[in-house]
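# Reading the structure
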Amino acid sequence: MVLAGAPPSDMDRERTLLRRARAGDPAAFRTLFERHAPAVWRFLRDLLRDEAAADEATQETFVRAHGRLGALRDEDRLGAWLLGIARHVYLESRRSRGVHVDVDDEAHASRVEAVLPTPTPEDLLLDRELEGLLSEALGMLREDRRAALLLRIDHGLPYEEIASVMGWSLQKVKNEIHRARLQLREQLAAHVGGRP
Amino acid sequence: MSACRETDLDALLAGELSPEDAARVDAHVDTCPACRHAMTWLRLERGWMAQRARRTPARPALDFAALEARLSRPAARPWVPLRGAWTNWGRMLMAATAAVAFVGLSLTQTQGGVTSLVDEPFGRDARSSLMGEACEDPSREAVAALEASLGACLVASPLISSR
C-alpha cells in the first residue's frame, strides 16, 4: 500500500532542484538562482557598499557556483555555500581594487552594553531614514565582523556554518558577532526608544 | 544554559534550541532584566533585517537572462586552450621561417656551387686523384689490369694500395 506522504518540504524541493541542476537541467539551476540571488546580492551589496559592484559580483558568484555544483557535498548547505563563494568573490574584488577600509572599532566594543536604551514596539518599523542609518552603521563595522554579523542576522546561518564560511573557530564567531551587535546598537541607540 | 549568554537568546529566537533548552532559556529571560533587554534588541534587529530583505531592489544581476548570457560566453573565452593554440602557431611560424631560410641558403650555394665544390675536401677532383693513386700501384699490376678491365678501383684504401 502506498501512503500519500506529506508535501515535500522546502529543503526537499531544494535538494531535488540541486540534483537536477547538477545533472545539467538549466531550468533547475534557474530556480535555484532565483531563490538565492537576492540574498547573495544583498550580502555582496552590504560588503562592497556599491550596488553596481554587487551586480557584477553576484553574477560572478553564480558563474562559479554553476561550474562547481558537483563540489557541494552537503546538499542542505547550498545557501551557506553560495554565500561562501560570494565572500571569496568579494575578497578578490577588494584586492583587485586595492580597497581596504577597516574601521578601527575595538575601542567601542566594551563600553556600549550598559548604556543602550530598550527599544519599543514602534522601533520595529524600519523607515527609510532608519534603513539608511542601519546601512551606515553596518558599513562602519570591520569587514570580517560585518560579514559574520550579516551571515547571522540577515541570512540566518547557524554559528557553525558561519565558522565554516569565515574560516574561524566557533568561539571567535560568537565573540565577533557579539561585538558587532554592540557596535551596531551603539550607532543606532539615538534613534531607538526615545532615549538619549 | 549559564546565565545571560546572548548567543543562547539568539538561538532561542532562531528556533535552534532543543525544546528543553528553549524552555530553560525562556524561564531565565522571564527573571532576568538584562536578558529581556537583550532579547528586545535581538527582536528589533531581526525585524529590521527582515524588512530590509523584503526591500531588496530589482537589479539587472538578479535577472537570470543576464547570467545565462554570461554562462554561454565561456566556451569562446577560456584562456588556456587559446594560449596553447597561439603557442603552436608561433612554433609553426618559427619552423616555416627556418625552412625558408634553409632553402634560400641552399639555392645561393648551388648557384655558385660549380666552383665551390673544388674547395671541398672530398670534391670531385680530390676523389678522382685519390682513386688514381690507389689504382696506379705498380706492384699490383694484376689488380690494375683487372681494374682496368672492369673500369673500377678494387682497392678502397690509398694506404694499402701504396705499399
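As a starting point, this report considers the structure included with it. Position numbers for residues start from 1 in each chain and track the written sequence from start to end. Going through the entries in the order they are written, you letter the chains from A and number the ligands from 1. Where totals are concerned, whole chains, interfaces and linings use all residues; where local detail is concerned, this predicted model gives features only for residues with pLDDT of at least 70, and gives and counts side-chain atom pairs only at 80 or more. Heavy atoms from the whole structure form the basis of all side-chain values; hydrogens and water molecules are not counted.

Taken together, the contacts link 49 residues of chain A with 33 residues of chain B. As a working definition, buried area equals the accessible area (1.4 Å probe) given up by two parts on being put together, with both sides summed. When chain A packs against chain B, close to 3800 Å² is buried across both sides, 59% of that on carbon and sulfur atoms. When residues of chain A are sorted by the area they lose upon contact with chain B, A:Gln59, A:Leu126 and A:Arg185 head the list and together hold 16% of the total. By definition here, a salt bridge exists when the distance from a side-chain nitrogen of Lys or Arg to a carboxyl oxygen of Asp or Glu is within 4 Å. The tally of links from chain A across to chain B stands at twelve salt bridges. For B:Arg70, the salt bridge goes to A:Glu60, with nearest N and O atoms at 2.3 Å. Counting of polar contacts relies on pairs of N or O atoms within 3.5 Å, with two restrictions inside protein: one atom must be capable of donating a hydrogen and the other of accepting it, and residues adjacent in sequence are counted only when both atoms are side-chain atoms. Between chain A and chain B we count 21 residue pairs in polar contact (both at pLDDT 80 or more) in total. The helix count covers DSSP runs of H or I at least four residues long, the strand count covers runs of E at least two residues long, and both are numbered beginning at the N terminus. The set of elements that each furnish at least two residues to the side of chain A that touches chain B consists of helix H2 (26-48), helix H3 (51-68), helix H6 (128-139), helix H7 (143-153) and helix H9 (170-188) of chain A. Among the elements that take part in the side of chain A that touches chain B, H2(A) stands out by supplying eleven residues, more than any other. Residue contacts are defined here by distance: any two heavy atoms, one from each residue, within 4.5 Å place the two residues in contact.

Time to look at the side chain of A:Arg87. All names here are of chain A. Secondary-structure assignment places Arg87 in helix H4 (residues 78-97). The buried label applies to any residue whose accessible area, calculated with a 1.4 Å probe on protein chains only, is under 20% of its type's maximum; exposed applies above 50%, and partly exposed to all values in between. Its relative accessible area of 11% is what places Arg87 among the buried residues. With sequence-adjacent residues up to four places away left out, Arg87 is seen in contact with Phe43, Glu143, Asp144, Ala147, Val165 and Met166.

What follows covers the packing of aromatic side chains. Pairing of aromatic side chains requires ring centres within 6.5 Å, counting the rings of Phe and Tyr and the six-membered ring of Trp. Pairs whose planes differ by under 30 degrees are stacked, by over 60 edge-to-face, and all others tilted. According to the stated counting rule, one finds three aromatic pairs over all chains in the structure shown. Aromatic pair A:Phe33 and A:Phe62: ring centres 4.8 Å apart, planes at 75 degrees, arrangement edge-to-face. Taken together, the residues A:Phe33 in helix H2 and A:Phe62 in helix H3 connect sequence positions 29 residues apart. Just as A:Phe33 is buried, A:Phe62 falls in that class too. These aromatic residues form a ring-pair network of at least three members: A:Phe29, A:Phe33, A:Phe62 and B:Phe64.

On to the packing of H2(A) against helix H4 (residues 64-72) of chain B, then. As a rule, the C-alpha atoms of each element are fitted with a line to give its axis, helices using only the stretch in contact, and angles between N-to-C directions run from 0 to 180 degrees. The N-to-C vectors of H2(A) and H4(B) enclose an angle of 130 degrees; their axes lie 10 Å apart at closest approach. Compared by their axis directions, H2(A) and H4(B) come out oblique. Relative to H4(B), H2(A) is oriented so that their crossing is right-handed. Each of A:Pro26, A:Phe29, A:Arg30, A:Phe33 and A:Glu34 in H2(A) lies in contact with H4(B), whose residues at this interface are B:Phe64, B:Leu67 and B:Leu71. Side-chain classes are defined by residue name, with Ala, Val, Leu, Ile, Met, Phe, Trp, Tyr, Cys and Pro counting as nonpolar, Asp, Glu, Lys and Arg as charged, and the others, Gly among them, as polar. When grouped by side-chain class, the residues that make up the contact of H2(A) with H4(B) number six nonpolar, no polar and two charged. For this classification, under 35 degrees means roughly parallel, over 145 means roughly antiparallel, 65 to 115 means roughly perpendicular, and everything else is oblique. Handedness of a crossing follows from how the near helix is turned relative to the far one, being left-handed for an anticlockwise turn of less than a right angle and right-handed for a clockwise one.

Moving on, we come to H4(B). Turn by turn, an α-helix covers 3.6 residues, leaving residues three or four places apart pointing in a common direction. Looking at H4(B), one finds that the buried residues are B:Phe64, B:Leu67 and B:Arg70. Taken around the axis of H4(B), the buried residues stretch over an arc of 120 degrees, which confines them to a single face. Packing partners of the buried residues in H4(B) comprise H2 and H3 of chain A. Throughout, the arc means that of the directions going from the helix axis to the C-beta atoms.

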